[in-house]
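Chain and residue survey
Chain by chain, the residues run as shown.
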Amino acid sequence: MELKVLGCSGGEAEGERLTGFLVNGRIAIDAGSLTLALRLSEQIAIRHIFLTHSHLDHICTLPFFTKNIFGHVEVPVEIHALPQTLDALRRHLFNDELWPDFSVIPSPDKPIIRYSEITPGEIYEVEGLRITPVMVNHLVPCVGYRVEDDHSAFIFTSDTAETDGIYTLANATKNLKFFITEASFPNEQTRLAEASKHLTPAKLGGELRKLKQGVAVGIYHLTPGERPIMLPQLEALQHPDLRLLNQDERYEW
Ligand SMILES: [Zn+2]
Ligand SMILES: [Zn+2]
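These remarks concern the structure in this document. (Residues numbered from 1 in each chain as written. Chains lettered and ligands numbered in written order. Predicted model: local features only at pLDDT ≥ 70, side-chain atom pairs only at ≥ 80, totals over all residues. Heavy atoms only, no water.)

1. Structural notes on the pairing of strand β10 (residues 153–156)
Burial of the side chains of β10 extends over both faces: Ala153 and Ile155 are buried on one face and Phe154 and Phe156 on the other. As paired elements, strand β9 (residues 143–148) and β10 share four bridges and run antiparallel to each other. Opposite Arg146, over in β10, you have Ile155 as the bridge partner. What sits between the antiparallel neighbours β9 and β10 is a turn of four residues. As paired strands, β10 and strand β11 (residues 176–182) are joined by four bridges and run parallel to one another. (Buried < 20%, exposed > 50% of the residue type's maximum accessible area, 1.4 Å probe, protein only. Helix = DSSP H or I, 4+ residues; strand = E, 2+ residues; numbered from the N terminus. Pairing = 2+ DSSP bridges.)

2. Notes on the sheet that holds strand β3 (residues 27–29)
If you walk across this open sheet you meet the seven strands as β6-β5-β4-β3-β2-β1-β14, and the pairing is mixed. Among the strands making up the open sheet, the edge pair consists of β6 (113–117) and β14 (250–252). Each strand axis lies, on average, 20° off the axis of its neighbour in the sheet, ignoring direction. Against the sheet, helix α4 (residues 62–69) engages β4 (48–50), β5 (77–81) and β6, with an angle of about 160° to β5. On the sheet, helix α5 (residues 83–92) packs against β5 and β6 and is oriented at approximately 150° with respect to β6. (Axes fitted to C-alpha atoms, helices over the stretch in contact; angles between N-to-C directions. Contact = heavy atoms within 4.5 Å.)

3. Comments concerning the sheet that holds strand β8 (residues 129–135)
Sheet architecture is open: seven strands sit in the order β7-β8-β9-β10-β11-β12-β13, paired in mixed fashion. Where the open sheet ends on each side, the last strands, each with one partner, are β7 (124–126) and β13 (242–244). Shown here is a sheet whose adjacent strand axes are inclined to one another by a mean of 20°, direction ignored. Along the sheet, helix α8 (residues 201–208) makes contact with β11, β12 (216–220) and β13, crossing β11 at roughly 145°.

4. Description of the packing of aromatic side chains
Under the defined criterion, the tally for this structure stands at 10 aromatic pairs. Considering the side-chain rings of Phe178 and Tyr251, the 4.6 Å spacing of their centres and the 40° angle between planes classify their relative orientation as tilted. Pair noted here: Phe178 is in strand β11 and Tyr251 is in strand β14, with a separation of 73 residues, a long-range link. (Phe/Tyr/Trp six-rings, centres within 6.5 Å; stacked < 30°, edge-to-face > 60°.)

5. Re the pairing of β12
Counting buried positions over the five residues of β12 gives five, a clear majority of the element. Across the two faces of β12 the burial is the same, with Ala216, Gly218 and Tyr220 and Val217 and Ile219 all buried. Relative to β12, β11 runs parallel, the two sharing five bridges. Looking at β12, one finds that Glu182 is bridged to Tyr220.

6. Concerning the coordination of the zinc ion (ligand 2)
Protein-derived ligands of the zinc ion (ligand 2) are Asp57 (OD), His58 (NE2), Asp159 (OD) and His221 (NE2), with the metal-ligand distances lying across 2.1 to 2.2 Å. When the donor residues of the zinc ion (ligand 2) are listed from N- to C-terminus, their spacing reads D-H-x100-D-x61-H. The metal-metal distance between the zinc ion (ligand 2) and the zinc ion (ligand 1) is 3.6 Å, with Asp159 coordinating both. Of this pair, His58 sits in helix α3 (residues 56–59) while His221 sits in the loop between β12 and α9 (227–235), and the two are 163 residues apart along the sequence. Accessibility assignment for this pair places His58 and His221 in one class, buried. (Donors = N, O, S within 2.8 Å, 3.2 Å for Na, K, Ca; no water.)

7. What to know about the pattern of salt bridges
Under the definition given, this model contains 15 salt bridges. Taking the shortest distance from any N to any O, the salt bridge between Glu194 and Lys203 comes out at 2.9 Å. Looking at Glu194, the relative accessible area reads 46%, which means it is partly exposed. One salt-bridge network, in which partners are shared between bridges, spans Arg130, Arg146, Glu148 and Asp150. (Salt bridge = Lys/Arg side-chain N within 4 Å of Asp/Glu carboxyl O.)

8. Quick notes on the coordination of the zinc ion (ligand 1)
The expected angle between donors at a tetrahedral four-coordinate metal is 109.5 degrees. At an octahedral six-coordinate metal it is 90 or 180 degrees. All of the protein donors around the zinc ion (ligand 1) are His53 (NE2), His55 (ND1), His138 (NE2) and Asp159 (OD); their distances to the metal are 2.1 to 2.4 Å. Geometry at the zinc ion (ligand 1) is irregular, judged from its four donor atoms and the angles of 91 to 165° they form at the metal. Mapped onto the sequence, the donors of the zinc ion (ligand 1) take the spacing H-x1-H-x82-H-x20-D. Judged by its relative accessible area of 23%, His55 is partly exposed. Look at Asp159 and you get buried, because its relative accessible area is 1%. (Tetrahedral: all angles 85-135°; square planar, octahedral: opposite > 155°, others 65-115°.)

9. Notes on the nonpolar core
Formed by 27 residues in total, the largest nonpolar core has its most connected members in Leu34, Ile49, Leu51, Leu62, Ile79, Leu89 and Phe94. For this core, the secondary structure elements donating two or more residues are α1 (34–37), α4, β5, α5 and β6. Ile27, Tyr145, Phe156 and Ala216 belong to the second largest nonpolar core, which has 26 residues in total. (Core = buried A, V, L, I, M, F, W, Y, C linked by side-chain atoms within 4.5 Å.)

Have a look at this one:
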């Protein structure tokens, strides 16, 4: 399995792309940076997009992506997400006001994108991978994902405050290679983290004690301006295998 980090920042600026991953060149997880990180030919190769939640930093390149692939795809790209997330897309984004409704363009029976509701706990088999959504704890309904093939697995919690289910799933996962979770604000901004349902490094330390597998941990979603304050706070956790994700890096298992 190949995992490419398209974007992993909690804010957008030059050199700081928003959240998105590409698995085996065919499956995207979140869409914060599809059109900024990938060449047109790579965008056209995407067959499925699994969204974690409706926040803009996880979906904002979907409109430009749909325009880019228009005329280049025979089969609709499947947008997999919770019903609440799909509802937000229908009402607020692909609503013919902010952007054309590409779920019926060019025709309702052969559109550019097709919405596909997911149910937490179900396993979805796509492109030779098994993908399991799990509810996490965020301001809006939000899932993390376990992605696995016959040899390896990784988990992406997405944006979340303290949560248990995805750690239970991680501990039960054979061949778990990588656990990606967030740290958004420095310890000094604990109240902001709690109000927005994110983690600080200190809260992350508590969360990682639930992870019983000795697996590498990747951190994403740092607020760019707070990075200098957060890095020593993350180091202070003294976790044996914790690293910051970097955009454009690839993992292969
Ligand atoms: Zn969010
Ligand atoms: Zn986010």
